[in-house]
Amino acid sequence: MKIKSSIEGLKASRPVLTMGMFDGVHKGHVSLLSQLVEKAKEVNGESVVLTFWPHPRLVLRQDSGQLRFLTTLEEKTKLISEIGVDQLVILPFTREFAGLSASRFIREYLIDKIRVNHLLVGYNHRFGHDGISRDKLNELAQNYGFGLDFFGPVNVLGMNPSSTAIRNYISDGDVWEASRLLGRFYGLQGRIVSGRRLGREIGFPTANIEMDDPLKLVPHDGVYACKVHLLGKTFGGMINIGGRPTIEGETGHRSLEVHIFYFNKEVYSEEITVEFIKRTRPEIKFPSLEALKERLSLDEREVKDILKKEGVI
Ligand SMILES: Cc1cc2nc3c(=O)[nH]c(=O)nc-3n(C[C@H](O)[C@H](O)[C@H](O)COP(=O)(O)O)c2cc1C
Ligand SMILES: Nc1ncnc2c1ncn2[C@@H]1O[C@H](COP(=O)(O)OP(=O)(O)OP(=O)(O)O)[C@@H](O)[C@H]1O
């Protein structure tokens, strides 16, 4: 897949184009993008995806910087490429760009610069500062002479995947439901940093994770069964997200700590990826380290059962 950050000099024969943020590249996005790739083959053209960076809601400050994302730009690029898209254009999203009307955007970008052959539009897609109706889009397609199809919504197990719905599930800790809409487990990347080394003393050493991208969404506090990718291998693990109230009192800053099963190595500063499978309980303030240790033994049994069912261990 070719990747560009500008449409200047974009060369694509008979471009079949779609656009959007594609945060998460969820099952709805995958269906739409697969259709795009099919359509491009049908007209003997190239599939082109137009996306934007940073996210418009960050630039337009609609949520006071609270918004977090399902995919980093790198993950999104990889997932889109795996679907077989020919070209990805990542346009810088600015306030000035946001001020363009839909019809001006179509004329100046899609017609004059890209010479779009066919446009595929998701059922709920809005673009341009004024939005645009289906009738108006049809009229523009006729006037400029490009093909136009509307797509979706798709139905996944009776639900309609959307980035917002998936973000809400993850924020609530329901990573299991999120994974059904994503089509894969939700993952986070980071680097292992040193902790207080107390975990080792209670028989559960943990890798403390410092996230690579602070804009990635962190699931709700609690304990989760997870898959761990480390040193080129895959392991099962149980991860705690939270302030560790048993040890830190009420002041602990939010941390991610994973106990990896059947693993015993010094791994400081290694890259690690965690995929969340299921939340098993909330974080608890235990009366003593001994009580925490007892609970961790129960957690281990419960989490290992889940990991066995999922074929991770
Ligand atoms: C699966 C798992 C569950 C945990 N649950 C809790 C909890 O409910 N409450 C809590 O205060 N700490 C919890 N912890 C955090 C431990 O307090 C922490 O791992 C231990 O203090 C080790 O810290 P260290 O890595 O800084 O040495 C949990 C850790 C793991 C790995
Ligand atoms: N469930 C779905 N079925 C079909 N197309 C979809 C679905 N969800 C999104 N799309 C389409 O995918 C493209 C990119 O979507 P975009 O990421 O902008 O929105 P979204 O997934 O609905 O996210 P959000 O919830 O943040 O609005 C758009 O054309 C959109 O209409």
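If you're wondering where the values come from, they're calculated on a predicted model, not measured in any experiment.

Next up on the list: the overall build of the protein chain. A count of helical and extended segments in the protein chain gives 11 helices and 12 strands. Its C-alpha atoms put the protein chain at 75 × 40 × 35 Å along the principal axes. Here the protein chain, with 313 residues, has 49% of them falling under the buried criterion. Partitioning the intrachain contacts of the protein chain with sequence separation of at least 6 by distance along the chain shows that 75% fall at a separation of at least 24. Counting every atom, the protein chain has about 15,600 Å² of accessible surface; 47% of that belongs to carbon and sulfur. If you average the places of the 43 positive and of the 40 negative side-chain charges in the protein chain, the two averages end up 2 Å apart.

Ranked by internal contacts, the top residues of the largest apolar core, which has 50 residues, are Leu-230, Ile-239, Val-258, Ile-272 and Phe-276. For this core, the two domains that each supply at least three residues are domain 1 (12–151) and domain 2 (185–309). For Ile-239, the contacting residues outside a window of four places in its chain are Ile-209, Gly-222, Val-223, Tyr-224, Cys-226, Leu-256, Glu-257, Val-258, Val-274 and Phe-276. Core analysis: the next-biggest nonpolar cluster, separate from the first, contains 32 residues, Val-59, Leu-110, Ile-114 and Val-116 among them.

Quick look at the site of ligand 2 now. Around ligand 2 lies a shell of 22 residues, among which His-29, Asn-124, Asn-160, Pro-161 and Thr-164 are the nearest. The contact in question runs from a nitrogen atom of ligand 2 to an N or O atom on the backbone of Val-154, over 3.1 Å. Classifying every residue of the shell around ligand 2 gives nine nonpolar, 12 polar and one charged.

It is worth spelling out the site of ligand 1 at this point. Not every one of the 21 residues close to ligand 1 is listed here, only the nearest: Arg-196, Leu-198, Thr-246, Ile-247 and Ile-284. The separation between an oxygen atom of ligand 1 and a polar side-chain atom of Thr-206 is 2.8 Å. Taking Glu-257, its side chain carries an N or O atom lying 2.7 Å from an oxygen atom of ligand 1. Contact with the protein chains hides 99% of the accessible area of ligand 1, taken as 630 Å² for the molecule alone. Those elements that provide at least two residues to the shell around ligand 1 are helix 9 (198–201), strand 10 (233–242), helix 10 (245–248) and helix 11 (289–309). If one sorts the elements of the shell around ligand 1 by residue count, helix 10 sits on top with three residues. Residues of the shell around ligand 1, tallied by class, amount to nine nonpolar, six polar and six charged.

Here the protein chain is partitioned into domain 1 (12–151) and domain 2 (185–309). One C-alpha centre belongs to domain 1, the other to domain 2; they are set 38 Å apart. In this complex, domain 1 contributes eight residues to the contact, which on the side of domain 2 involves eight residues. With both sides pooled, the region where domain 1 packs onto domain 2 buries about 690 Å², and carbon together with sulfur makes up 59% of that total. It is Arg-68, Phe-69 and Leu-70 that lose the most area in domain 1 upon contact with domain 2, and together they represent 59% of the buried surface on that side. Where domain 1 touches domain 2, the interface holds one salt bridge. Between Lys-216 and Glu-75 there is a salt bridge, with its nearest N and O atoms 2.9 Å apart. Linking domain 1 to domain 2 there are seven residue pairs in polar contact (both at pLDDT 80 or more). When grouped by side-chain class, the residues that make up the side of domain 1 that touches domain 2 number four nonpolar, two polar and two charged.

Attention now moves to the sheet that holds strand 10. Judged by pairing direction, the barrel is antiparallel, and its six strands sit side by side in the order 7-8-11-10-9-12 before closing back on the first. Recorded for the sheet is a direction-independent mean angle of 45 degrees between the axes of neighbouring strands. Relative to strand 11 (residues 255–260), strand 10 is paired through six bridges, and the arrangement is antiparallel. Bridge pairing links Ile-241 to Leu-256 in strand 11. This element, helix 8 (residues 175–182), spans strand 7 (186–193), strand 9 (222–230) and strand 12 (271–281) of the sheet and lies at about 120 degrees to strand 12.

Let's shift gears to the packing of aromatic side chains. Enumeration according to the criterion identifies 10 aromatic pairs in this entry. The interplanar angle of 40 degrees and the centroid separation of 5.4 Å between the aromatic rings of Phe-52 and Phe-97 together place this pair among those described as tilted. Residue Phe-52 is found in strand 3 (residues 47–53), and its partner Phe-97 is found in helix 4 (residues 95–98); the two are separated by 45 residues along the sequence. Per residue, the accessibility class of Phe-52 equals that of Phe-97, and both read buried.

A few words now on the sheet that holds strand 2 (residues 16–19). Judged by pairing direction, the sheet is parallel, and its six strands sit side by side in the order 1-4-3-2-5-6 without closing on themselves. With one partner strand each, in any of the chains shown, strand 1 (2–4) and strand 6 (147–151) form the two edges of the open sheet. Adjacent strand axes in the sheet meet at a mean angle of 20 degrees when their direction is disregarded. Running at roughly 155 degrees to strand 6, helix 6 (residues 134–144) makes contact with strand 5 (118–122) and strand 6 of the sheet.

Cut-offs used in this document
Residues numbered from 1 in each chain as written. Chains lettered and ligands numbered in written order. Predicted model: local features only at pLDDT ≥ 70, side-chain atom pairs only at ≥ 80, totals over all residues. Heavy atoms only, no water. Helix = DSSP H or I, 4+ residues; strand = E, 2+ residues; numbered from the N terminus. Buried < 20%, exposed > 50% of the residue type's maximum accessible area, 1.4 Å probe, protein only. Contact = heavy atoms within 4.5 Å. Areas by Shrake-Rupley, 256 points an atom, 1.4 Å probe, with all protein chains shown as cover. Lys, Arg positive; Asp, Glu negative; His and termini not counted. Charge placed at Lys NZ, Arg CZ, Asp CG, Glu CD. Core = buried A, V, L, I, M, F, W, Y, C linked by side-chain atoms within 4.5 Å. Domains from an automatic or database assignment. Near = heavy atom within 4 Å. Polar contact = N/O pair within 3.5 Å; in protein donor to acceptor, adjacent residues only side chain to side chain. Nonpolar A, V, L, I, M, F, W, Y, C, P; charged D, E, K, R; others polar. Buried area = accessible area lost by both parts, 1.4 Å probe. Salt bridge = Lys/Arg side-chain N within 4 Å of Asp/Glu carboxyl O. Pairing = 2+ DSSP bridges. Axes fitted to C-alpha atoms, helices over the stretch in contact; angles between N-to-C directions. Phe/Tyr/Trp six-rings, centres within 6.5 Å; stacked < 30°, edge-to-face > 60°.

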